[in-house]
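In case you want the letters, here they are:
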Amino acid sequence: MTDSRRAILLAAMLGTMGTLHFLVPRPFDRIIPKALPGNARTWTYASGAGELGTALLIAIPKTRRLGGLLAAMLFVAVFPGNVQMALDAKTTPSRVIAFARLPLQWPLVAWALRVRGRRD
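Every value quoted in this text rests on a predicted model; they were computed, and no experiment measured them.

Description of the overall build of the protein chain
A tally of regular secondary structure across the protein chain gives 7 helices and 0 strands. Counted from the first residue to the last, the protein chain has its helices and strands arranged as α-α-α-α-α-α-α. In terms of C-alpha radius of gyration, the protein chain reaches 15 Å, essentially the compact-globule figure of 14 Å for 120 residues. With respect to the principal axes defined by its C-alpha atoms, the protein chain has extents near 45 × 30 × 20 Å. Per-residue burial for the protein chain yields a buried fraction of 33% across its 120 residues. Counted over contacts in the protein chain with a minimum sequence separation of 6, partners at least 24 positions apart contribute 63%. Carbon and sulfur atoms form 70% of the exposed surface of the protein chain, whose accessible area is close to 7,200 Å². Across the protein chain, 16 positive and 5 negative side-chain charges occur, with their mean positions spaced 2 Å apart.

Quick look at the structure:
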């Protein structure tokens, strides 16, 4: 896979997830850590906007390095939400899936840093 294609796939993934934050915000609201101040929906929309903006930066070759760095930071920043989702899971299968998902966040960070490291 080419570096450019890898970057576009990351941008598409982030763009899709960012769009879902606005189209179906309720599942995202539920995973906002309760320790964060303010309304969960505000955090949902802010993180969705962050994902959309990061996707755009990655999609444009001239801003891809910045976008890759911001994507890596975003993946680290949303990790507590993923932990919250695992802790709040109501059924054993959903809890197992949520906890199994947690280590997958780190390959996303590596992917973003790899995109950042490339100069197209």
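Some points on the packing of aromatic side chains
Under the definition given, this model contains 2 aromatic pairs. Residues phenylalanine 22 and tyrosine 45 carry aromatic rings whose centres are separated by 5.1 Å and whose planes lie at 5° to one another, so their mutual orientation is stacked. Residue phenylalanine 22 is located in helix α1 (residues 3-23), and its partner tyrosine 45 is located in helix α3 (residues 40-59); the two are separated by 23 residues in the primary sequence. Where phenylalanine 79 meets tryptophan 106, the ring centres are 5.1 Å apart and the plane angle is 40°; that geometry is what we call tilted. You can see phenylalanine 79 sitting in helix α5 (residues 79-88) and its partner tryptophan 106 sitting in helix α7 (residues 105-117), a full 27 residues away along the chain.

Considerations on the environment of alanine 46
Positionally, alanine 46 belongs in helix α3. Here the alpha-carbon distance between alanine 46 and phenylalanine 22, two residues 24 residues apart in the chain, equals 9.7 Å.

Here's the deal with the side chain of histidine 21
Note on placement: histidine 21 falls in helix α1. Only 2.7 Å separates the side chain of histidine 21 from the backbone oxygen of methionine 17, close enough to count as a polar contact. Histidine 21 has contacts with Phe28, Thr44, Tyr45, Ser47, Gly48 and Glu51, leaving out every residue within four places of it along the chain.

A word on the environment of leucine 70
Note on placement: leucine 70 falls in helix α4 (residues 64-77). Taking relative accessible area as the criterion, leucine 70 reaches 30% and is therefore assigned partly exposed. Sequence spacing of leucine 70 and threonine 54 is 16 residues, and the spatial spacing of their C-alpha atoms is 6.4 Å.

Quick look at the UniProt feature "transmembrane region" (unreviewed entry) in the protein chain
Per the UniProt record, "transmembrane region" (unreviewed entry) is found at residues 7-23, 43-60, 67-87 and 93-113. Overall, residues 43-60 shows 94% helix and 0% strand. The separation of its end C-alpha atoms is 26 Å. Segment residues 93-113 splits into 86% helix and 0% strand. End C-alpha atoms: 32 Å apart.

What counts and how
Numbering of residues starts from 1 in each chain and follows the order in which that chain's sequence is written. Restriction of local features to residues with pLDDT of at least 70 applies here, the model being predicted, together with a cutoff of 80 or more for giving and counting side-chain atom pairs; totals for whole chains, interfaces and linings are based on all residues. Excluded from the side-chain calculations are hydrogens and water; all other atoms, namely the structure's heavy atoms, are used. Helix and strand assignments follow DSSP, with helices taken as H or I runs no shorter than four residues and strands as E runs no shorter than two, numbered in order from the N terminus. C-alpha atoms define the radius of gyration, and 2.2 Å times the number of residues to the power 0.38 defines the globule rule. Accessibility here uses a 1.4 Å probe with only protein chains present; expressed as a share of the type maximum, an area under 20% marks a residue as buried, one over 50% as exposed, and anything in between as partly exposed. Whether two residues are in contact is decided by their heavy atoms, any of which lying within 4.5 Å being enough. Using a 1.4 Å probe, accessible areas were evaluated by the Shrake-Rupley method; residue-level cover was limited to the displayed protein chains. Neither His nor the chain termini are counted; the positive set is Lys and Arg, and the negative set is Asp and Glu. Where a charge lies is defined by one atom per residue type: Lys uses NZ, Arg uses CZ, Asp uses CG and Glu uses CD. Aromatic contacts are taken between Phe, Tyr and Trp rings whose centres are within 6.5 Å, Trp giving its six-membered ring; a plane angle under 30 degrees counts as stacked, one over 60 as edge-to-face, and the others as tilted. Polar contact criterion, stated in full: a pair of N or O atoms within 3.5 Å, where within protein one must be able to donate a hydrogen and the other to accept it, and residues adjacent in sequence count only if both atoms are side-chain atoms. UniProt positions are given in the numbering used here, feature names are shortened, and annotations may be inferred rather than shown by experiment.

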